[in-house]
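Per-entry structural report
Each chain, letter by letter, is given below.
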Amino acid sequence: MSVLIKNGRIVTAVDDYHADIFINGSQVALIGKDLVMAADKQIDATGKLVIPGGIDPHTHLELPFGGTTTSDTFETGTRAAAYGGTTCIIDFAVQSRGTSTLKALDDWHAKAQGQTAIDYAFHMIVTDMPQERIGEMRSLADNGITSYKLFMAYPGALLSDDGTIFRAMRKAGEDGTLVCMHAENGIVIDELVKIALAERKVEPKYHALTRPTRLEAEGVHRALAIAEVARAPVYIVHLSCYDALHELRLAQARGVMAHAETCPQYLLLDVDRYEEPGFDGAKYVLTPPLREKWNHDELWGGLRAHALDVISTDHCPFCLKEQKELGRNDFSKIPNGGPGIESRMSLIYHYGVSKGHISLNRFVELTSTAPAKIFGLFPKKGTIAVGSDADIVIFDPAREETISAFNAHTHHMNIDYSAYEGFKVKGYTETVLSRGKVVIEKGEYVGRAGDGAFVKRGAYGGQYADTHANMARDVLAPRAALGSPGRRLS
Ligand code: URP
Ligand code: ZN
Ligand code: ZN
C-alpha cells in the first residue's frame with residue numbers, strides 16, 4: 001500500500017515547511033515539493049498541519065489498581081488515542097512483589113496482543129528488585145523494555161525503599177536503560193491520611209490536602225540525589241507543581257541527568273475542582289493531585305525552558321459511577337487516576353501553542369519527539385523523515401470542538417466523564433496514519449483491533465546518553481564532573 005500526502009505544512013520538532021510525503025508500505029519513502037507519483041491513496045492536506053503522531057509515554061490500560069481495574073482496555077484506550085492523534089503509547093506492566101518481572105511482561109503482552117489500534121510499548125513497574133534478581137533488568141531490556149518505574153508512594157503496595165531505588169538506578173545506569181520515578185513521600189502522606197480520616201475528613205478534597213507539594217518536592221529531591229550518586233539518568237513522572245520543578249532545576253544545574261514530564265491536568269486544571277458539587281470532586285482524584293492555579297504558569301515556563309521534557313497524559317481512567325464510588329465515604333479508597341489519552345494533542349495545541357506558551361515546534365517535541373528520543377524509539381518514531389515509520393497526523397488547525405463526554409467527536413474513551421468537560425479547542429486531529437495505514441479518516445475510525453504492534457525499544461537515547469555511558473561504570477568515582485565534589489572511598 002502506498003499513500004501520497006499532498007500540500008501539507010510539515011512540522012517536526014525543528015522543521016516547518018510545505019511539501020508532499022510519499023509513503024511506501026509502513027515507512028516514509030520520499031519528501032519533496034510537488035511530488036507526482038502513482039499511489040494507492042492520495043490525501044489532500046491543504047491548509048492542514050502534518051505532524052509526527054503523538055507518543056504518549058505514560059498510560060495505564062487494563063491496570064488492576066485501587067481494588068478495581070482501569071476502565072479502558074488496550075482496544076478502547078488505543079482507539080481513543082488514535083482519534084486524538086496519538087500513534088504510540090508506552091503503557092506500564094506491573095510486577096507483583098516477589099515474582100519475576102519477566103512473568104509480568106508475559107501477562108501484559110497477553111492483554112495487549114492483537115487488541116490495539118496503534119503501536120505500543122511497555123515500561124515495567126518494579127515493586128522489588130533484590131540483588132539476586134537484578135539480572136532481570138537486563139533481560140527486560142533485551143526484550144525491548146528499556147525503562148522501569150519505581151514508586152516512592154503507596155506504601156505496602158508499590159513503594160520501593162531507597163536501597164531498591166539505588167540498586168535499580170545503578171543497574172539501569174550500567175545497562176543504558178532508564179528509571180522513571182513516582183516521586184512523593186508516601187510514608188508521610190499515609191500519616192496525613194490517617195489524621196484526616198481520624199478527624200472524619202472523608203471528602204475527595206482531602207486527597208489533595210493530604211498530598212502537599214512539599215512532599216512531592218521531597219520525593220523529587222531524593223530521587224535526583226540517589227540518581228546523582230548512582231550516576232544514572234532519571235525521569236520524573238507526572239511532575240505537578242512549582243516546588244517539585246524547583247528541585248528539578250537545582251539538580252539539573254548541578255549536572256544531574258534529570259528528565260521530567262508533566263501532564264495536561266497539571267497545566268489546565270486546579271485544586272478548585274475538588275469543590276465541585278456532591279461527589280464530583282472524585283473525578284480529579286489522581287496522583288499527584290491538582291495544585292493551586294498559579295503553578296500552571298510555572299510549569300509552562302519549565303516546558304519552555306526545557307527543564308521539563310515531555311507532556312504525557314498518565315491516562316488512568318476509572319468511571320465515576322461504579323469505580324470512583326468505592327471511595328464515597330473515604331477519599332483514600334477512591335481509585336487514583338483520570339482520563340486524558342484522547343484529548344492531549346488538541347488541549348496542548350490550543351492552550352499551549354495558540355495561547356502563546358510554547359511554539360509549534362516545541363509542541364511536536366513535547367508530545368512526540370522528546371518521548372521518542374528518551375525512551376529509545378527515535379528515529380523510527382517521533383519525527384517525519386525518510387525511513388521513519390509513517391506515523392503521521394493530519395491536524396486541522398481551524399476545526400473547533402468542545403471537549404465533552406457527550407460529544408461523539410471528542411469522547412471515545414471508555415469512561416463516563418471527561419476531566420476537561422466544556423473545554424473549547426481550536427485545532428483537531430483529522431486523519432491519522434499508523435505505520436502507513438490510515439486508521440482515522442476525516443474524524444472516523446477506519447482501523448481495526450490488531451493494527452497496532454508491540455515495539456521493542458532501544459537503549460535510553462536522551463540528551464545525556466553519551467555522558468551516561470561514560471559515567472555509569474564507576475559509582476565511586478569523584479563527582480567533580482557532576483558539580484558536587486565526591487570523596488573516593490578507599
Ligand atoms: O493517579 C494516578 N496517577 N494513577 C496512576 C498511577 C500512577 O501513579 O501513575
Ligand atoms: Zn505515578
Ligand atoms: Zn501513572
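The sections below set out a description of the structure shown in this document.

Quick notes on the rules
Residues numbered from 1 in each chain as written. Chains lettered and ligands numbered in written order. Predicted model: local features only at pLDDT ≥ 70, side-chain atom pairs only at ≥ 80, totals over all residues. Heavy atoms only, no water. Near = heavy atom within 4 Å. Polar contact = N/O pair within 3.5 Å; in protein donor to acceptor, adjacent residues only side chain to side chain. Areas by Shrake-Rupley, 256 points an atom, 1.4 Å probe, with all protein chains shown as cover. Nonpolar A, V, L, I, M, F, W, Y, C, P; charged D, E, K, R; others polar. Phe/Tyr/Trp six-rings, centres within 6.5 Å; stacked < 30°, edge-to-face > 60°. Helix = DSSP H or I, 4+ residues; strand = E, 2+ residues; numbered from the N terminus. Buried < 20%, exposed > 50% of the residue type's maximum accessible area, 1.4 Å probe, protein only. Lys NZ or Arg CZ within 6 Å of the ring centre and 35° of its normal. Donors = N, O, S within 2.8 Å, 3.2 Å for Na, K, Ca; no water. Tetrahedral: all angles 85-135°; square planar, octahedral: opposite > 155°, others 65-115°. Pairing = 2+ DSSP bridges. Contact = heavy atoms within 4.5 Å.

For the rest of this paragraph, the subject is the site of ligand 1. Taken together, 13 residues are adjacent to ligand 1, and Lys149, His182, Thr287, Asp314 and Asn336 come closest. Interatomic distance of 3.2 Å between a side-chain N/O atom of histidine 60 and an oxygen atom of ligand 1. The separation between an oxygen atom of ligand 1 and a polar side-chain atom of histidine 182 is 3.0 Å. With the chains in place, 99% of the 270 Å² that ligand 1 exposes on its own is no longer accessible. Residues of the shell around ligand 1, tallied by class, amount to four nonpolar, seven polar and two charged.

So, on to the packing of aromatic side chains. Geometry of an aromatic ring pair is reported as the spacing of the ring centres plus the angle between the planes. The final tally for this structure, using the stated rule, is 16 aromatic pairs. On the basis of an interplanar angle of 85° and a centroid distance of 5.5 Å, the ring pair of phenylalanine 65 and tyrosine 154 is categorised as edge-to-face. Here phenylalanine 65 is found in strand 7 (residues 64–65), whereas its partner tyrosine 154 is found in the loop between strand 11 (147–151) and helix 4 (162–175), with 89 residues between them in sequence. According to the relative accessible area criterion, tyrosine 154 is buried, its value standing at 17%. When the centroid spacing of 5.9 Å and the interplanar angle of 55° are considered together, the rings of tyrosine 120 and phenylalanine 454 count as tilted. Here tyrosine 120 is found in strand 10 (residues 119–125), whereas its partner phenylalanine 454 is found in the loop between strand 19 (444–445) and helix 13 (465–471), with 334 residues between them in sequence. Of the residues examined, tyrosine 120 reaches a relative accessible area of 3% and is grouped as buried. A relative accessible area of 24% means that phenylalanine 454 is categorised as partly exposed. The ring of phenylalanine 92 has lysine 149 sitting right over it, with the charged end atom 5.3 Å from the ring centre.

Coordination of the zinc ion (ligand 3) by the protein comes from His58 (NE2), His60 (NE2) and Asp314 (OD), over a distance range of 2.0 to 2.1 Å. In this structure, the zinc ion (ligand 3) is coordinated by four donor atoms arranged in tetrahedral fashion, with angles at the metal of 87 to 128°. Read in sequence order, the donor residues coordinating the zinc ion (ligand 3) give the pattern H-x1-H-x253-D.

A separate point is the pairing of strand 9 (residues 86–94). Most of strand 9 is tucked away, with nine of its nine residues classed as buried. Examined bridge by bridge, strand 6 (residues 54–59) and strand 9 share four bridges and lie parallel to one another. If you follow aspartate 56 over to strand 9, its bridge partner there is isoleucine 89.

This part covers the environment of lysine 283. Within the element layout of this structure, lysine 283 appears in the loop between helix 9 (264–268) and helix 10 (295–304). A relative accessible area of 13% means that lysine 283 is categorised as buried. The sequence separation of lysine 283 and arginine 399 amounts to 116 residues, and the corresponding C-alpha distance is 28 Å. Not counting residues up to four positions away in its chain, the partners in contact with lysine 283 are Glu276, Leu320, Lys324, Gly337 and Tyr417.

Next up on the list: helix 10. Counted residue by residue, helix 10 has seven buried out of 10 residues, so it is predominantly covered. Buried residues of helix 10: Asn295, His296, Leu299, Trp300, Gly301, Gly302 and Leu303, and no others. Lining the buried residues of helix 10 we find helix 8 (242–254), strand 14 (258–262), helix 9, strand 15 (310–311), helix 11 (344–354) and helix 12 (360–374).

So, on to the environment of alanine 93. Within the fold, alanine 93 resides in strand 9. Looking at alanine 93, the relative accessible area reads 0%, which means it is buried. Separated by 15 residues in the primary sequence, alanine 93 and tryptophan 108 have C-alpha atoms spaced 5.8 Å apart. Residues within four places of alanine 93 in sequence aside, it is in contact with Ala104, Trp108, His123, Met124 and Ile125.

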